[in-house]
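Residue-level structure breakdown
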Amino acid sequence: AYPGLIGPALAEKLAGDQGFFDALANSPGDKLVLMHMVRDVSRKQLADAFHDSLSKILPPPKVAVLVAAIPSDARDGQTAVLRSHQGALSIDIGGRVQTLRDPETAQEIWRVWLGPDSVSPTLKRSIAERAVQPTAAL
């Protein structure tokens, strides 16, 4: 899409290209997000945040199932892990894991971070910057 651009110039274009992030979100294969908690977040706070983000993406019954699957509060210093693999989504908080076997949810949850209303625009910029680095740097 951007012939002749490399390095920071290409990263800048990709960071603003929703089509690039849609392609990533739609790509087959496993996906993983690690959230390193820097404060305590209750299960209810997590559920409310996911409900708000996902209600724009998934049908209400699927949102309800997903937020009900949040296994616990997340504590300062813990890592919360979300992983999609072969049509399933695993949520691991502090070693407590819940798995949803729903291909649509496992696919669409990535729009929380990669969609046009990303909860983390800085993450999208970081992904674009990493995408233009030589393979050895990844």
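Calculation notes
Residues numbered from 1 in each chain as written. Predicted model: local features only at pLDDT ≥ 70, side-chain atom pairs only at ≥ 80, totals over all residues. Heavy atoms only, no water. Helix = DSSP H or I, 4+ residues; strand = E, 2+ residues; numbered from the N terminus. Contact = heavy atoms within 4.5 Å. Polar contact = N/O pair within 3.5 Å; in protein donor to acceptor, adjacent residues only side chain to side chain. Pairing = 2+ DSSP bridges. Axes fitted to C-alpha atoms, helices over the stretch in contact; angles between N-to-C directions. Phe/Tyr/Trp six-rings, centres within 6.5 Å; stacked < 30°, edge-to-face > 60°. Buried < 20%, exposed > 50% of the residue type's maximum accessible area, 1.4 Å probe, protein only. Lys NZ or Arg CZ within 6 Å of the ring centre and 35° of its normal.

Observations concerning the environment of Ser 90
By secondary structure assignment, the location of Ser 90 is in strand E3 (residues 88–93). Distance from Ser 90 to Ala 106, taken between C-alpha atoms, is 8.6 Å for residues 16 residues apart in sequence. Apart from the residues lying within four places of it in its own chain, the contact partners of Ser 90 are Val 81, Leu 82, Arg 83, Val 97, Gln 98 and Thr 99. Of the polar contacts made by the side chain of Ser 90, one reaches the side chain of Thr 99; its length is 3.1 Å.

Examining the sheet that holds strand E4 (residues 96–100)
Pairing is antiparallel across the open sheet formed by four strands, whose spatial order is E1-E2-E3-E4. The sheet terminates laterally at strand E1 (31–36) and E4, the two strands that pair on one side only. Pairs of neighbouring strands in the sheet enclose a mean axial angle of 10°, with direction left out of account. Relative to strand E2 (residues 79–85), E1 runs antiparallel, the two being bridged by six bridges. Within the sheet, the bridge partner assigned to Val 33 lies in E2 and is Leu 82.

With respect to the packing of aromatic side chains
Tallied over the entire structure, the rule returns three aromatic pairs. Each ring, one from Phe 20 and one from Phe 21, has its centre 4.9 Å from the other, and the planes form 75°; the classification is edge-to-face. The exposure classification of Phe 20 matches that of Phe 21, with both residues buried. Between the aromatic rings of Trp 110 and Trp 113, the centroid separation amounts to 5.7 Å while the plane-to-plane angle is 40°, which identifies the pairing as tilted. Comparing Trp 110 with Trp 113 shows no difference in burial state: the two are buried. Taken together, the aromatic side chains of Phe 50, Trp 110 and Trp 113 make up a single cluster linked through ring pairs. In this structure, Lys 124 is placed above the aromatic ring of Phe 21, and the distance from its NZ or CZ to the ring centre is 4.8 Å.

Keep in mind these numbers describe shape, not what the thing actually does.
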